[in-house]
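# Inside the fold
Each chain, written out:
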Amino acid sequence: MFDPIEATKEKMVLACKVLQKQRVLDGYGHLTARLPDGRILSTPHMPPGKVALRDLIIIDKEGNKLEGLGEPNGETAMHTSIYKARSDVQCILHYHPDELVAVAAAGAGIKVIANCGVPFYRGTPIYDSPVLIRSHQLGDKVAATLGDRNAVLLRGHGGTVVSNDLDTLLRLGLDLVRSARIQIMAAPLGALKTHSQEECEQMIKGHDRPNANRRYIDYYISEVVD
Ligand SMILES: [Zn+2]
């Protein structure tokens, strides 16, 4: 019988493997997903790219551990604050790619100069502090900076991406880093031409069609399974 919690666990482990293979994770970072009963599935306090099914833990809305052997991550408050502020958010990725740290340091966020940046056309606000998010108070500040967007950059630290499903989260997590990388590559070339708002909105409509992520996700999954 289909078990939604087991299915979410399997998707989360696969997403971790893809993010590891694509080298956007290091020893830190974490993924969480809201479960149908309101509890939160989370990678534990270990390198997320090395997580197996048995390692996943379940925490409550305040970040206290309910199930599993591992311990919650030090920055769990960032996740719980965002879930409280955003009923539409079902999963969250927090990571520390060099590309996001570089773009955040320049102070302008992601410029939409490539199609992979289109999902971020409404802006990628910058949380202006390098201090790790280890309290509910700081978690609430990150959630406020994120607002109704799907990504927030954290100066000197990394980024956090949110979505309503794990496939889209994986895509956004990869596309945010790729967008930052292209921006860094293009920066020395001079003035950059960005997508117009109208172009972005037209392309976003195309992203909304059913199974729009399938081919994208299947490609990356094929890189991590035999
Ligand atoms: Zn962090």
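The paragraphs below set out a description of the structure included in this document. (Residues numbered from 1 in each chain as written. Predicted model: local features only at pLDDT ≥ 70, side-chain atom pairs only at ≥ 80, totals over all residues. Heavy atoms only, no water.)

## Concerning the overall build of the protein
- Of the regular secondary structure elements, the protein holds seven helices and eight strands.
- Taken over the C-alpha trace, the protein has a radius of gyration of 17 Å; the compact-globule value for 226 residues is 17 Å, and the two agree within 12%.
- Its C-alpha atoms give the protein principal-axis dimensions of about 50 × 40 × 30 Å.
- Scored against the burial criterion, the 226 residues of the protein give a buried share of 49%.
- In the protein, the share of contacts with a sequence separation of at least 24, taken over all contacts with a separation of at least 6, comes to 65%.
- In the form shown here, the protein has an accessible surface area of approximately 11400 Å², with 51% of it arising from carbon and sulfur atoms.
- Of the charged side chains in the protein, 27 are positive and 27 negative; the average position of the first set lies 3 Å away from that of the second. (Helix = DSSP H or I, 4+ residues; strand = E, 2+ residues; numbered from the N terminus. Rg over C-alpha atoms; globule rule 2.2 N^0.38 Å. Buried < 20%, exposed > 50% of the residue type's maximum accessible area, 1.4 Å probe, protein only. Contact = heavy atoms within 4.5 Å. Areas by Shrake-Rupley, 256 points an atom, 1.4 Å probe, with all protein chains shown as cover. Lys, Arg positive; Asp, Glu negative; His and termini not counted. Charge placed at Lys NZ, Arg CZ, Asp CG, Glu CD.)

## Some details on the coordination of the zinc ion
- The protein atoms that coordinate the zinc ion are Glu75 (OE), His94 (NE2), His96 (NE2) and His157 (NE2), at distances of 2.0 to 2.1 Å.
- Viewed at the metal, the four donor atoms of the zinc ion are separated by angles of 90 to 140°, and the geometry they form is irregular.
- Glu75 sits in the buried class, given a relative accessible area of 6%.
- Relative accessible area serves as the criterion here: at 6%, His157 is assigned to the buried category. (Donors = N, O, S within 2.8 Å, 3.2 Å for Na, K, Ca; no water. Tetrahedral: all angles 85-135°; square planar, octahedral: opposite > 155°, others 65-115°.)

## Overview of helix H2 (residues 76-85)
- In terms of burial, H2 is a largely internal element, eight of the 10 residues being buried.
- Along H2, the residues classified as buried are Thr76, Ala77, Met78, His79, Thr80, Ser81, Ile82 and Tyr83.

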